[in-house]
Amino acid sequence: HPPTSPPAPEHAARAQAPLRGLATTTTTARPWAPCFPRGPPANPPFPGDMAARGIAKLFQPSAALARVVGPEPLARSAAVKKIWEYTRANGLKEAKKPAVCDAALRDVLGQDTFTPQDVLRKIGAHLGPV
């Protein structure tokens, strides 16, 4: 019988084992292999598709909201940003106090004062499909 070496520690075997399930090389037949080890995505994202979904989706503002943010289609986040720009430009916000609505914002929000949460909650009713 040849002499046997002592068994290797368990952690050493794990460190030397190749990563299972991950592609280690790129082939011309499977260019997606390093990024997607389980196969290509069912609906691969393309730059043209991304503008129509998610946070970048464009909405048409209502007539009341258009007086504050403008008539062109815009994303929900851009509408909120423009409302706060309008608020600062017209001096409607004081430090540590709710902002005061003028006539245009009162038509959108339906109240005399508002907080950031009020804007986020009530702006959805004024954003429609493009």
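What this report covers is the structure whose coordinates are included nearby. This one's a predicted model, so the numbers in the text were calculated from it and none came from an experiment. (Residues numbered from 1 in each chain as written. Predicted model: local features only at pLDDT ≥ 70, side-chain atom pairs only at ≥ 80, totals over all residues. Heavy atoms only, no water.)

In this structure, Gly 70 sits in the loop between helix H3 (63–69) and strand S2 (74–75). Beyond its immediate stretch of four places on either side in the chain, Gly 70 contacts Pro 61 and Leu 65. (Helix = DSSP H or I, 4+ residues; strand = E, 2+ residues; numbered from the N terminus. Contact = heavy atoms within 4.5 Å.)

Turning our eyes to something else, we now look at the nonpolar core. Within the largest apolar cluster, 21 residues are counted, with the highest numbers of intra-cluster contacts made by Leu 65, Val 68, Ile 83, Leu 105, Phe 114, Val 119 and Ile 123. Within the residue set of this core, elements represented by two or more residues are H3, helix H4 (76–89) and helix H5 (103–109). Counting residues per element, this core draws most heavily on H4, which supplies 5 residues. With sequence-adjacent residues up to four places away left out, Leu 65 is seen in contact with Gly 70, Ile 83, Val 108, Ile 123, His 126 and Leu 127. (Core = buried A, V, L, I, M, F, W, Y, C linked by side-chain atoms within 4.5 Å. Buried < 20%, exposed > 50% of the residue type's maximum accessible area, 1.4 Å probe, protein only.)

Looking now at the environment of Phe 59. With respect to the helices and strands, the residue Phe 59 is situated in strand S1 (residues 58–61). Accessibility expressed as a relative area gives 22% for Phe 59, which makes it partly exposed. It is 8.8 Å that separates the C-alpha atoms of Phe 59 and Glu 72, two residues lying 13 residues apart in sequence.

The phi dihedral of Lys 96 is positive, around 60 degrees, even though this residue is not glycine. Inspection of the secondary structure assignment puts Lys 96 in the loop between H4 and strand S3 (99–100).

In this structure, Gln 111 sits in the loop between H5 and strand S4 (113–114). Of note is the side chain of Gln 111, whose polar atom sits 2.9 Å from the side chain of Asp 118. A polar contact is formed between the side chain of Gln 111 and the side chain of Lys 122, at a distance of 2.7 Å. Setting aside chain neighbours within four positions, we find Gln 111 in contact with Cys 101, Arg 106, Asp 118 and Lys 122. (Polar contact = N/O pair within 3.5 Å; in protein donor to acceptor, adjacent residues only side chain to side chain.)

Another aspect to go through is the side chain of His 126. Structurally, His 126 can be placed in the loop between helix H6 (116–122) and strand S5 (127–128). Excluding its chain neighbours within four sequence positions, the residues that come into contact with His 126 are Gln 60, Pro 61, Ser 62, Ala 64, Leu 65, Asp 107 and Val 108.

With that settled, consider the pairing of S1. Note: S1 against S2, 2 bridges, orientation antiparallel. Among the inter-strand pairings, Leu 58 is bridged to a residue of S2, identified as Ala 75. Here 2 bridges tie S1 to S5, and the two strands are oriented antiparallel to one another. Bridged to Gln 60 within S5 is Gly 128. (Pairing = 2+ DSSP bridges.)

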